[in-house]
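Chain by chain, the residues:
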Amino acid sequence: MAATWEEILKLSQQFQSAQFAQASQRLSERNCIEIVAKLISEKQLEVVHTLDGKEYITPAQISREIRDELHVRGGRVNIVDLQQVINVDLLHIESRANDIVKSDRTIQLVLGQLIDEHYLDQVAEETNDKLQETGQVKISDLCKTYDLPGDFLKQAFSSRLGKIIHGEIDQDNRGVIFTEAFVTRHRARIRGLFSAITRPTAVINLITRHGFQEQLLYSVLEELVNSGRLRGTVVGGRQDKAVFVPDIYARTQSSWVDSFFKQNGYLEFDALLRLGIPDPVNYIKKRYKSLQLLFLKTSCVGQEIMDQVEASVDEAINSGTWVDIVPLLPSSLSIEDASMLLQQVMRSFTKQPSTLVFSDTMVVSEKFINNCAELFNDLMHQKAEKEMKSNPVHLISEEDLKQSFLIENASSSKKDKKDERRKKANEGSGSVRGGGGGNAREFKIKKTKKKGRKDADSDEESQTTSTSLYSCFYLRCLRSTCSVSAC
């Protein structure tokens, strides 16, 4: 050990003597520059000249000064600031910084800045102090404070959780860090608040009123519901329309629905909506799967009401009367509901005697219609006698009807023969040339119609006109009879 120290002292003395010794030959500055330039061109020397051109610096020295500056500045330094300190071109600083990052895993290059683990530990300690004070810290706020990307901070904090940072990252929202005490406090608040709810409540209203962290509330709420600590269900998922429905309300709701349906035999959709059931049709189908229900436009009815209407319709048909089903139905059912219900009931009476439906809700048997028509027979006879007395020209008997039918057939046959004669006369008319060569004359034949024929045609037309008048009067009487019977 003593011998080694003596050797060090000897070397120190020799070095000191060499420094103070005067050289016999001195090189000028220009010669030194030329020698260095020659060595650089032959790649025997690797140096970088400064921006002012007065000094040369080796790459190793650049790396050493970068590390020293990084340590002095607390583990974070900008490459642009290093250019002013080291006084070399920025390209050489970036090259040496990349080499440092590749060789040393504790140093990272982020957004043009060199950051080491010491600086990240310091940021983690400051974040932990803030976390213990407030109970939660958002990564987005830290990004604004330290001017660093969020993914970089998440990666840096994930390795320091439980060591420097005493907290945990929310698994559903990895942009927030909680402390265990903060989660426990919020779990107790959420459990107490939702245990006191007795009717459907929108979750977003509770978040706004009590200042809960949204993702944390949904996570804790699902945990409490799945474990059975909270009796209820969350409808709508993790959305703004999510609603918490407690079991006590659901039980009360179901008991009211069952009691109302048992007493009245029907359910109104608007009443279920007022109870807080968003989809009444699907709710009824799921709750009463085994029952045969008829779904109308505004309500659904059970088998009891359908049987009651069917029995009333059957009685009306068999007794030859009529029935209106509206008084038989609940007052909340609309006319359209009654019409749909009657259409369903009438399907079972397809093989029964014919019936008619009036005003969508009244069923009338054919026997009743015939009985009503018989009541107007005397009135029809009186009206017919009165008509005969006021218009005696138009009296028609059955024999007159037969004769009118024969006359019509005869007139139609005569009319056909008349048309044939006219057709032949038109074909036969025209110019006729006489024989005799070139001096022959041309005679025009003009057909004349006999007066007697004209009179016969006028008689036929008058007979046809009178027959058509008789037919029109007969049809008018038939129509008036039908209208009176309908009344």
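Keep in mind that what you see is a predicted model, and the values were worked out from it rather than measured. (Residues numbered from 1 in each chain as written. Predicted model: local features only at pLDDT ≥ 70, side-chain atom pairs only at ≥ 80, totals over all residues. Heavy atoms only, no water.)

Asker: Whenever I open this one, the overall build of the protein chain confuses me. Can you help?
Answerer: Looking only at helices and strands, one finds 20 helices and 19 strands in the protein chain. Per-residue burial over the protein chain gives 29% buried out of 487 residues. With an accessible surface of roughly 33400 Å², the protein chain has 52% of that area assigned to carbon and sulfur atoms. (Helix = DSSP H or I, 4+ residues; strand = E, 2+ residues; numbered from the N terminus. Buried < 20%, exposed > 50% of the residue type's maximum accessible area, 1.4 Å probe, protein only. Areas by Shrake-Rupley, 256 points an atom, 1.4 Å probe, with all protein chains shown as cover.)

Asker: What should I look at first to understand the sheet that holds strand β5 (residues 113–116) in this one?
Answerer: Either a parallel or an antiparallel arrangement is found when strands of a sheet pair, and the pairing is made through backbone hydrogen bonds. Strand order in the open sheet formed by three strands is β3-β5-β4, with antiparallel pairing between adjacent strands. The open sheet is flanked by β3 (76–78) and β4 (107–110), the only strands paired with a single partner. Neighbouring strand axes in the sheet, compared pairwise and without regard to direction, differ in orientation by 20 degrees on average. Looking at chain direction, β3 and β5 are connected through three bridges and run antiparallel. (Pairing = 2+ DSSP bridges. Axes fitted to C-alpha atoms, helices over the stretch in contact; angles between N-to-C directions.)

Asker: Could you clarify how one ought to interpret the pattern of salt bridges in this entry?
Answerer: Side-chain pairing between opposite charges can occur once the charged atoms of the two side chains come close. Applying the stated criterion to the full structure yields nine salt bridges. As a salt-bridge pair, Arg73 and Glu69 come within 2.8 Å of each other at their nearest N and O atoms. Relative accessible area serves as the criterion here: at 37%, Arg73 is assigned to the partly exposed category. A salt bridge links Arg187 to Glu223, with the shortest nitrogen-to-oxygen separation between them at 3.5 Å. Note that Arg187 is positioned in helix α9 (residues 180–195) and Glu223 in helix α11 (residues 214–227), a separation of 36 residues in sequence. For Arg187, a relative accessible area of 21% corresponds to the partly exposed category. (Salt bridge = Lys/Arg side-chain N within 4 Å of Asp/Glu carboxyl O.)

Asker: Could you clarify how one ought to interpret the sheet that holds strand β12 (residues 266–268) in this entry?
Answerer: Spatial ordering of the open sheet is given by β12-β14-β13, a layout of three strands whose pairing is antiparallel. For this open sheet the edge positions go to β12 and β13 (294–295), each flanked by a neighbour on one side alone. As judged from the three bridges shared by β12 and strand β14 (residues 299–301), these two strands associate in the antiparallel manner. Within the sheet, the bridge partner assigned to Leu267 lies in β14 and is Cys300.

Asker: What should I look at first to understand helix α10 (residues 203–210) in this one?
Answerer: Every α-helix winds through 3.6 residues per turn, so residues three or four apart in the chain are directed the same way. For α10, every residue scored as buried is listed here: Val203, Leu206 and Ile207. What you see down the axis of α10 is that its buried residues fit within an arc of 100 degrees, all on one side. Structural note: α10 exposes Thr208 and Arg209 on the side pointing more than 90 degrees away from its buried face. As for α10, its buried residues are in contact with α9, β9 (201–202), α11 and β11 (243–246). A positive backbone phi angle near 70 degrees is found at Gly211, which sits one or two residues after α10. (Arc of directions from axis to C-beta. Contact = heavy atoms within 4.5 Å.)

Asker: Would you mind going over the packing of aromatic side chains with me for this structure?
Answerer: Centre-to-centre distance and the angle between the planes together describe a pair of aromatic rings. Within the structure shown, the criterion is met by five aromatic pairs. Between Phe178 and Phe182, the aromatic rings sit 5.4 Å apart at their centres with planes inclined by 5 degrees, giving stacked as the arrangement. Judged by relative accessible area, which is 2%, Phe178 ranks as buried. Note on Phe261 and Tyr288: the rings are 5.1 Å apart at their centroids and 35 degrees apart in plane angle, and the pair reads as tilted. (Phe/Tyr/Trp six-rings, centres within 6.5 Å; stacked < 30°, edge-to-face > 60°.)

Asker: Before we go on, may I ask you to explain the pairing of β11 in this structure?
Answerer: In summary, the side chains of a regular strand alternate between the two faces of the sheet. As defined by bridge partners, β9 adjoins β11 across two bridges and the pair is classed as antiparallel. Within β11, the position partnered with Thr201 by the bridge is Phe244. Direction of pairing for strand β10 (residues 232–235) relative to β11: antiparallel, over a ladder of four bridges. Residue pairing across strands places Val234 opposite Phe244, the latter belonging to β11.

Asker: It is not clear to me how the side chain of Thr127 should be interpreted in this structure. Could you clarify?
Answerer: Structurally, Thr127 can be placed in helix α6 (residues 117–134). According to the relative accessible area criterion, Thr127 is buried, its value standing at 1%. Here Val123 takes part through its backbone oxygen, which lies 2.8 Å from a polar atom of the side chain of Thr127. With residues up to four places along the chain from it excluded, the contact list for Thr127 reads Val137, Leu142 and Phe157. (Polar contact = N/O pair within 3.5 Å; in protein donor to acceptor, adjacent residues only side chain to side chain.)

Asker: I'm lost on the packing of α9 against α11 in this one. Help?
Answerer: When two helices pack together, their arrangement is given by the angle between the helix axes and by the axis-to-axis distance. Relative orientation of the contacting elements α9 and α11 amounts to 65 degrees, with a least axis distance of 10 Å. Crossing hand, α9 versus α11: right-handed. Across the interface between the two elements, Phe182, His186, Arg187, Ile190, Arg191 and Phe194 from α9 touch Leu216, Leu217, Val220, Leu221, Glu223 and Leu224 from α11. (Left-handed = near helix turned anticlockwise from the far one by under 90°.)

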